[in-house]
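# A closer look at the structure
As a plain string of letters, each chain reads:
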Amino acid sequence: MSVFTPLARPELETFLAPYGLGRLLDFQGIAAGSENTNFFISLEQGEFVLTLVERGPVQEMPFFIDLLDVLHEADLPVPYALRTTDGVALRELKGKPALLQPRLSGKHIKVANAQHCAQVGELQAHLHLATQGERMIKRKTDRGLDWMQEEGTEFLSHLSDEPRALLQKALDEITERKEKILALPRANIHADLFRDNAMFEGTHLTGLIDFYNACSGPMLYDVAIALNDWCSDDDGLIDGPRARAFLGAYAALRPFTAAEAELWPTMLRVACVRFWLSRLIAAEQFAGQDVLIHDPKEFEQRLAQRQQVHTPLPFAL
Ligand SMILES: Nc1ncnc2c1ncn2[C@@H]1O[C@H](COP(=O)(O)OP(=O)(O)OP(=O)(O)O)[C@@H](O)[C@H]1O
Ligand SMILES: N[C@@H](CCO)C(=O)O
């Protein structure tokens, strides 16, 4: 399970006392998740999630706190950092940045249908609209196009002929289209909006979690990341009805631009490269350890399937 940093009750009680939320009733490490350590925490005054951030620089933490505050104030269903009675949001536990957040209700769904996808598309559009233009908080992702080019080039020699050719072609496309991608309309993006980062109660979307990959970036990239997970079938093909439901709900709130429509197939491929590489890296880094590792092959297969894209972006001339 992915509890990288175990905690004992006394240290947890000491950590939680300044929130003034009552006695610790229960706590439990969360097995799901592959990047951070998370615990469900029951206090007298409610249910919470404690996150110890295991990846990325500590100086980035104020960005995540500020972004979640902005989204929370925009009435979007996301967690946010609770403050201690002294007003402190960012704490430290066992040398790691630590946040206590409200626990959202609901659970992840494994099999998405068009109704789920439409709700995710709609909420993603709200997220982008709430953080466009002046409201956008700048943060460069540490897994952007430069990172893909560097890590991708590094990994070419680890791969057999077919995947190597596939990756090389995608890296060439990134080099060729980089400037156009960076010129697309931007906002704050979640950048990891997979099924395991959304909560549903029945068919109702109750919220999004895990903003630790969030950054400022092209909104279309966020759409491509989400669609690759929510709307792929078992063979890695895009499922037309689910994709149209997702894109239609999104575009009803934020219509896509002509430049976005042109770059859509490229962006779907770039989003595959991002997760193919991060999964290859995690598989090497955590080999043999009790850590959740997602299968890199899934994104190799999706990248192969995205050489042709038959679901265009809905775009009115
Ligand atoms: N605010 C929350 N409300 C309810 N459940 C939560 C919350 N935050 C985290 N969880 C639970 O903890 C699990 C792991 O959280 P999270 O996705 O943030 O971890 P991670 O290691 O960053 O995962 P990932 O592999 O997606 O990067 C989630 O799948 C969810 O079940
Ligand atoms: N959602 C990512 C893991 C966390 O970033 C993946 O499935 O590879």
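Residues numbered from 1 in each chain as written. Chains lettered and ligands numbered in written order. Predicted model: local features only at pLDDT ≥ 70, side-chain atom pairs only at ≥ 80, totals over all residues. Heavy atoms only, no water.

## Details of the domain arrangement of the chain
Each assigned domain of the chain is listed here: domain 1 (9-102) and domain 2 (114-305). Taking only C-alpha atoms into account, the centre of domain 1 sits 26 Å from that of domain 2. At the junction of the two partners, domain 1 supplies 23 residues and domain 2 supplies 24 residues. One can count two salt bridges joining domain 1 with domain 2. For the salt bridge of Glu35 with Arg143, the shortest nitrogen-to-oxygen distance reads 3.1 Å. Contributions of two or more residues to the side of domain 1 that touches domain 2 are made by α2 (61-73) and β5 (96-102). (Domains from an automatic or database assignment. Contact = heavy atoms within 4.5 Å. Salt bridge = Lys/Arg side-chain N within 4 Å of Asp/Glu carboxyl O. Helix = DSSP H or I, 4+ residues; strand = E, 2+ residues; numbered from the N terminus.)

## Some words on the site of ligand 2
Around ligand 2, a shell composed of Ser34, Glu35, Asp192, Phe194, Asn213, Phe275, Arg279 and His294 is seen. A distance of 2.7 Å is found between a nitrogen atom of ligand 2 and a side-chain nitrogen or oxygen belonging to Asp192. With respect to ligand 2, the side chain of Arg279 contributes an N or O atom lying 2.6 Å from an oxygen atom. Here ligand 2 loses 93% of its free accessible area of 260 Å² to cover by the protein chains. Considered class by class, the residues forming the shell around ligand 2 number two nonpolar, three polar and three charged. (Near = heavy atom within 4 Å. Polar contact = N/O pair within 3.5 Å; in protein donor to acceptor, adjacent residues only side chain to side chain. Areas by Shrake-Rupley, 256 points an atom, 1.4 Å probe, with all protein chains shown as cover. Nonpolar A, V, L, I, M, F, W, Y, C, P; charged D, E, K, R; others polar.)

## Details of the packing of helix α3 (residues 114-130) against helix α7 (residues 240-253)
Taken N-terminus to C-terminus, the directions of α3 and α7 make an angle of 30°; their axes are 7 Å apart at the nearest point. Considering their axes alone, α3 and α7 lie roughly parallel with respect to each other. Here α3 runs over α7; the crossing is right-handed. Two secondary-structure elements touch here, α3 through Ala114, Cys117, Ala118, Val120, Gly121, Glu122, Gln124, Ala125, His126, His128 and Leu129 and α7 through Pro241, Arg242, Ala245, Phe246, Ala249, Tyr250 and Leu253. Class assignment for the residues of the contact of α3 with α7 results in twelve nonpolar, four polar and two charged. (Axes fitted to C-alpha atoms, helices over the stretch in contact; angles between N-to-C directions. Parallel < 35°, antiparallel > 145°, perpendicular 65-115°, else oblique. Left-handed = near helix turned anticlockwise from the far one by under 90°.)

## Observations regarding the side chain of Thr131
In this structure, Thr131 sits in the loop between α3 and α4 (145-156). Contacts of Thr131, omitting those with residues within four sequence positions, involve Leu67, Val70, Leu71, Met136, Ala187 and Asn188.

## Description of the sheet that holds β5
Taken in spatial order, the five strands make up an open sheet running β1-β2-β3-β5-β4, and their pairing is antiparallel. Since the sheet does not close on itself, it has two edges, and those belong to β1 (24-29) and β4 (91-93), each with one partner. Ignoring strand direction, the axes of neighbouring strands in this sheet form an average angle of 35°. When strand β3 (residues 46-52) meets β5, the two strands line up antiparallel, connected through five bridges. Among the inter-strand pairings, Leu50 is bridged to a residue of β5, identified as Leu100. Of the strands in this sheet, β1, β2 (37-43), β3, β4 and β5 touch helix α1 (residues 9-16), which is tilted by about 115° from β1. (Pairing = 2+ DSSP bridges.)

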